[in-house]
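Structural overview for review
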Amino acid sequence: QVLVVESGGGLVQPGGSLRLSCAGSRSGVSIQARTWYRQTPGNQRELVASITSGGSTNYADFVKGRFSISGDNAKNTVDLQMNSLKPEDTAVYFCMMRTKQWDDYWGQGTQVTVSS
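Below is a summary of the structure that appears in this document. (Residues numbered from 1 in each chain as written. Predicted model: local features only at pLDDT ≥ 70, side-chain atom pairs only at ≥ 80, totals over all residues. Heavy atoms only, no water.)

What follows is about the packing of aromatic side chains. Counted under the stated rule, the structure contains 1 aromatic pair. Taking the ring centre of F94 as reference, the NZ or CZ of R45 above it sits at 3.7 Å. Against the face of W106 rests R45, its NZ or CZ located 4.7 Å from the ring centre. (Phe/Tyr/Trp six-rings, centres within 6.5 Å; stacked < 30°, edge-to-face > 60°. Lys NZ or Arg CZ within 6 Å of the ring centre and 35° of its normal.)

Take a look at the structure:
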């Protein structure tokens, strides 16, 4: 089992920045990828950005150039730096860690609200 906990959400004005952090418990489980998703009411969860244990990254088109993902294998953490935030970025952001055994572990989510 991997306990996943997100932090860093909050209220920010359009054009502002937030940094989300996610930490996974150290259980000796090898993680192959760490991913941020987001979800708004009535919509499916959508991928925002991911990073593999080897450092390869992938971004949704709607965040390219604005968000940056970084991970630390030793600490089992992943951060999401969000810049130039827009009202449409308002959502609950979830962190997911996938093990090398293809088990997925999700956090409870953190609310990000972009509003003036």
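From this point, things continue past the structure.
Opposite charge on two side chains permits pairing when their charged atoms draw close. Applying the stated rule across the entire model yields 6 salt bridges. Taking the shortest distance from any N to any O, the salt bridge between R19 and D79 comes out at 3.3 Å. Note that R19 is positioned in strand 3 (residues 18-24) and D79 in strand 8 (residues 77-82), a separation of 60 residues in sequence. Judged by its relative accessible area of 41%, R19 falls in the partly exposed class. On the basis of relative accessible area, D79 is assigned to the buried category, the value being 18%. Where R38 meets E46, a salt bridge forms, and the shortest distance between an N and an O atom there is 2.9 Å. What makes R38 buried here is its relative accessible area of 6%. For E46, a relative accessible area of 31% puts it in the partly exposed group. (Salt bridge = Lys/Arg side-chain N within 4 Å of Asp/Glu carboxyl O. Helix = DSSP H or I, 4+ residues; strand = E, 2+ residues; numbered from the N terminus. Buried < 20%, exposed > 50% of the residue type's maximum accessible area, 1.4 Å probe, protein only.)

The next point concerns the sheet that holds strand 3. Spatial strand order, 1-3-8-7: 4 strands in an open sheet with antiparallel pairing. In the strand order of this sheet, the two ends are held by strand 1 (4-7) and strand 7 (67-72), each with one partner. Direction aside, neighbouring strands of the sheet carry axes that sit 15° apart on average. In this sheet, strand 8 lies alongside strand 3 in antiparallel orientation, the contact comprising 6 bridges. Note on strand 8: the bridge partner recorded for L18 is M82. (Pairing = 2+ DSSP bridges. Axes fitted to C-alpha atoms, helices over the stretch in contact; angles between N-to-C directions.)

Moving on, we get to the environment of S17. Residue placement: S17 occurs in the loop between strand 2 (10-12) and strand 3. The exposure class of S17 is partly exposed, given its relative accessible area of 39%. C-alpha separation for the pair S17 and R45, spaced 28 residues apart in sequence, amounts to 22 Å. S17 has contacts with V12, Q81, M82, N83, S84 and L85, leaving out every residue within four places of it along the chain. A polar atom in the side chain of S17 sits 2.9 Å from the side chain of N83. (Contact = heavy atoms within 4.5 Å. Polar contact = N/O pair within 3.5 Å; in protein donor to acceptor, adjacent residues only side chain to side chain.)

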